[in-house]
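Report on the structure
Listed here are the chains, written in short residue letters.
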Amino acid sequence: LLKDLKQQRKVVAAYGASAKGISLLNYCNITNTDISYIVDDTPDKQGKIAPKCNIPIVKKFHFDTNHPDYLALMSWNFSKELMRKTKGYKRCGGKYIIPIPNVRIE
């Protein structure tokens, strides 16, 4: 899916630099060529780079001013909450990628 979106010149970002999300990215060999940045609300994570996948972790402000075409939810168990938190993004035409249990786009 990410490779297809990249060929279509779509921008994909992620939300949530959770340990399980970073593990999933690394297991699937997803890097900063596939996902532009990861938004995280935790100040200690912001400004860092996700290990191995080399994706920058940014503040929500960056996301608010740089809407991607797709937003992969790395804390998929909180997908409803994350979608509520970013409902303005959806209203502007944004789409969510939920990777678990089956990859789907909402």
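Small disclaimer: the values here were computed from a predicted structure and weren't measured.

Here we look at the packing of aromatic side chains
Counting across every chain of the model gives three aromatic pairs. Between the aromatic rings of Y15 and F63, the centroid separation amounts to 6.3 Å while the plane-to-plane angle is 85°, which identifies the pairing as edge-to-face. Residue Y15 is located in strand 1 (residues 12–15), and its partner F63 is located in helix 3 (residues 60–65); the two are separated by 48 residues in the primary sequence. We classify Y15 as buried; its relative accessible area is 3%. Take F63: its relative accessible area is 1%, and that puts it in the buried class. An aromatic cluster is present here, built from Y15, F63, Y89 and Y96 joined pairwise through their rings.

Remarks on the side chain of N26
Along the polypeptide, N26 turns up in helix 2 (residues 19–27). Note on N26: relative accessible area 17%, which makes it buried. In terms of polar contacts, N26 uses its side chain to reach the backbone amide nitrogen of C53, at 3.3 Å. Non-local contacts of N26, meaning those with residues more than four positions away in its chain, are made with P51, K52 and C53.

Re helix 2
Along helix 2, the positions that sit buried rather than exposed are G21, I22, L24, L25 and N26. Buried residues belonging to helix 2 abut strand 2 (38–39). Of the residues one or two after helix 2, N29 is the one with positive phi, at around 55°.

Overview of the environment of R91
For R91, the location among the structural elements is in helix 5 (residues 87–91). On the basis of relative accessible area, R91 is assigned to the exposed category, the value being 65%.

Comments concerning the environment of Y15
Between the C-alpha atom of Y15 and that of I38, which follows or precedes it by 23 residues, the distance is 5.4 Å. Ignoring anything within four residues of it in the chain, the contact list for Y15 reads V39, D41, K60, L71, A72, L73, M74, S75, L82, K85 and T86.

Rules of the game
- Residues numbered from 1 in each chain as written.
- Predicted model: local features only at pLDDT ≥ 70, side-chain atom pairs only at ≥ 80, totals over all residues.
- Heavy atoms only, no water.
- Phe/Tyr/Trp six-rings, centres within 6.5 Å; stacked < 30°, edge-to-face > 60°.
- Helix = DSSP H or I, 4+ residues; strand = E, 2+ residues; numbered from the N terminus.
- Buried < 20%, exposed > 50% of the residue type's maximum accessible area, 1.4 Å probe, protein only.
- Polar contact = N/O pair within 3.5 Å; in protein donor to acceptor, adjacent residues only side chain to side chain.
- Contact = heavy atoms within 4.5 Å.

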